Structures are given as C-alpha cells and as structure tokens.
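One letter stands for each residue in the lines below.
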Amino acid sequence: MQRLCPAPLSTTLLRSGNMTREHWDTIIVGGGPAGLSAALMLGRCCRNVLVCDAGKPRNSAAKQMHAFLTRDGITPSHFLQIAREQLNN
C-alpha cells in the first residue's frame, strides 16, 4: 500500500502524563474499538492524532466481541492487541 502522506502516520497512544508534541489535529478520548478506528482513519488522512486511554476497557469482562466487521467473536483483549499493532505499523 502506498502512503499519500509525506511522513509516516503520526498517531500516539497516550497512557501517561508525558506529551512530546504541542500540536494535535485531533485528540481522541478513549482507546476502545471506536477510538482506535477513528485514530487509524485520521492517521491515514495525514492528521496528527493523540489517543488518550486509561488502559481499563469497559468490556474487559466480556468473553467475546460481536458485530465488529471481520472480528466477530474475538476477545476484547485480542482485538485491542491487533488494533494497536496496526496503529504502530
């Protein structure tokens, strides 16, 4: 896949109090399925994105996720692992 952005994706998943960038095009509160999907799409649109997440998913007690395209039946923790890998690549 060829990138149209002149620079690599700039998406940061923030878990602590340190921020290295002073300007963000978008700040997303929550690193669950919706927040990470938004970060991925905005990063592909050459936006500087900050994802703020406490690391305590509300669906952590669930055994499976359903109705998420291509990931039906996956565990929430496995979904987050895959999503974070895709954002970091």
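Asks: Could you clarify how one ought to interpret helix α1 (residues 33-44) in this entry?
Replies: The periodicity of an α-helix, 3.6 residues per turn, causes residues three or four positions apart to be oriented the same way. For α1, which comprises 12 residues, the first-to-last C-alpha distance of 17 Å matches the rise-based estimate of 16 Å (1.5 Å per residue) to within 8%. Among all positions in α1, only Gly35, Leu36, Ala39, Leu40 and Gly43 are buried. In a view along the axis of α1, the buried residues occupy a sector of 135 degrees, so they form one face of it. One or two steps after α1, the chain reaches cysteine 46, where phi turns positive at roughly 65 degrees.

Asks: Can you walk me through unusual backbone geometry in this structure?
Replies: Negative phi characterises most residues that are not glycine, and trans characterises most peptide bonds. A positive phi angle, near 65 degrees, is found at cysteine 46, a position not held by glycine. The class of cysteine 46 is partly exposed, set by a relative accessible area of 35%.

Asks: For this particular structure, what's the right way to read the nonpolar core?
Replies: One recurring pattern in soluble globular proteins: nonpolar side chains tend to sit buried together. If you look at the biggest cluster of nonpolar residues, it comprises 13 residues, and the most contacted ones within it are Leu36, Ala39, Val51 and Phe79. In terms of residues, this core owes the most to one element, helix α2 (residues 76-88), which gives five residues. Filtering out sequence-adjacent residues up to four positions away, leucine 36 remains in contact with Gly31, Val51, Leu80, Ala83, Arg84 and Leu87.

Asks: Would you mind going over the pattern of salt bridges with me for this structure?
Replies: Once the charged atoms of two side chains with opposite charge are near each other, the side chains can pair. If you walk through the whole model with that rule in mind, you get one salt bridge. Here arginine 84 ties to aspartate 53 by a salt bridge, and the two come within 3.5 Å at their closest N and O atoms. Within this pair, whereas arginine 84 is found in helix α2, its partner aspartate 53 is found in the loop between β3 (48-52) and α2, the two being separated by 31 residues in sequence. Overall, arginine 84 belongs to the partly exposed group, its relative accessible area being 22%.

Reading guide: rules and limits
- Residues numbered from 1 in each chain as written.
- Predicted model: local features only at pLDDT ≥ 70, side-chain atom pairs only at ≥ 80, totals over all residues.
- Heavy atoms only, no water.
- Helix = DSSP H or I, 4+ residues; strand = E, 2+ residues; numbered from the N terminus.
- Expected span 1.5 Å × (residues − 1).
- Buried < 20%, exposed > 50% of the residue type's maximum accessible area, 1.4 Å probe, protein only.
- Arc of directions from axis to C-beta.
- Core = buried A, V, L, I, M, F, W, Y, C linked by side-chain atoms within 4.5 Å.
- Contact = heavy atoms within 4.5 Å.
- Salt bridge = Lys/Arg side-chain N within 4 Å of Asp/Glu carboxyl O.

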